[in-house]
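# A closer look at the structure
Spelled out, the chains give:
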Amino acid sequence: MSKVTFKVILTSDPKLPYRVFSVPEAAPFTAVLRFAAEEFKVPAATSAIITNDGVGINPSQSAGDVFLKHGSELRLIPRDRVGAADRCVC
């Protein structure tokens, strides 16, 4: 069974820490998301993985499909940060 390697960067940390890990090509991407969130100690249920271009990745694919479509460098972002902006209290 072949493996794919991902470099996942935590975007919510200003230091932009990253982890590199290999997973089986057939692994569900939800498992990759869960594993990456555990590595960075953020809740997996409220996290998303995006590409460097900011495109969200549907987790209902295999790791191999994500690798082929989006490459190996991905970003983990806690969902509470998605779309967050300073709100004007006028």
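Above this text is the structure in question.
Our subject in this report is the structure included herewith.

The next subject is the environment of Tyr-18. Structurally, Tyr-18 is set in strand β2 (residues 18–24). Look at Tyr-18 and you get partly exposed, because its relative accessible area is 47%. Distance from Tyr-18 to Val-8, taken between C-alpha atoms, is 5.4 Å for residues ten residues apart in sequence. Those residues within four positions of Tyr-18 in sequence are excluded, and the remaining contacts are Lys-7, Val-8, Ile-9 and Phe-40.

With that settled, consider helix α1 (residues 29–40). A rise of 1.5 Å per residue sets the reference length of α1, with its twelve residues, at 16 Å; its end C-alpha atoms lie 17 Å apart and thus fit the reference within 8%. For α1, the full list of buried residues reads Phe-29, Val-32, Leu-33, Ala-36, Ala-37 and Phe-40. Within α1, the buried residues cover an arc of 130 degrees as seen down the axis, which keeps them to one side. Against β1 (3–10), β2, β3 (47–51), α2 (63–70) and β4 (73–78) lie the buried residues of α1. Of the residues one or two after α1, Lys-41 is the one with positive phi, at around 60 degrees.

Attention shifts here to the sheet that holds β4. Reading across the sheet, the four strands line up as β2-β1-β4-β3 and stay open at both edges, with mixed pairing between neighbours. Only two strands of the sheet have a single neighbouring strand rather than two, namely β2 and β3. When strand polarity is set aside, the average angle formed by the axes of neighbouring strands in this sheet is 35 degrees. Two strands pair when backbone bridges link them, and β1 and β2 are joined in this way by seven bridges, in the antiparallel orientation. Paired with Ile-9 across the bridge in β2 is Tyr-18. Strand contacts of α1: β1, β2, β3 and β4, with the helix running at about 150 degrees to β2, the strand carrying the most contacts.

Next up on the list: unusual backbone geometry. Even without being glycine, Leu-16 reaches a positive phi, approximately 50 degrees. With a phi angle near 60 degrees, Lys-41 is a residue other than glycine that sits in the positive phi range. Topologically, Lys-41 is positioned in the loop between α1 and β3. Given a relative accessible area of 75%, Lys-41 falls into the exposed group.

Rules used in this analysis
- Residues numbered from 1 in each chain as written.
- Predicted model: local features only at pLDDT ≥ 70, side-chain atom pairs only at ≥ 80, totals over all residues.
- Heavy atoms only, no water.
- Helix = DSSP H or I, 4+ residues; strand = E, 2+ residues; numbered from the N terminus.
- Buried < 20%, exposed > 50% of the residue type's maximum accessible area, 1.4 Å probe, protein only.
- Contact = heavy atoms within 4.5 Å.
- Expected span 1.5 Å × (residues − 1).
- Arc of directions from axis to C-beta.
- Pairing = 2+ DSSP bridges.
- Axes fitted to C-alpha atoms, helices over the stretch in contact; angles between N-to-C directions.

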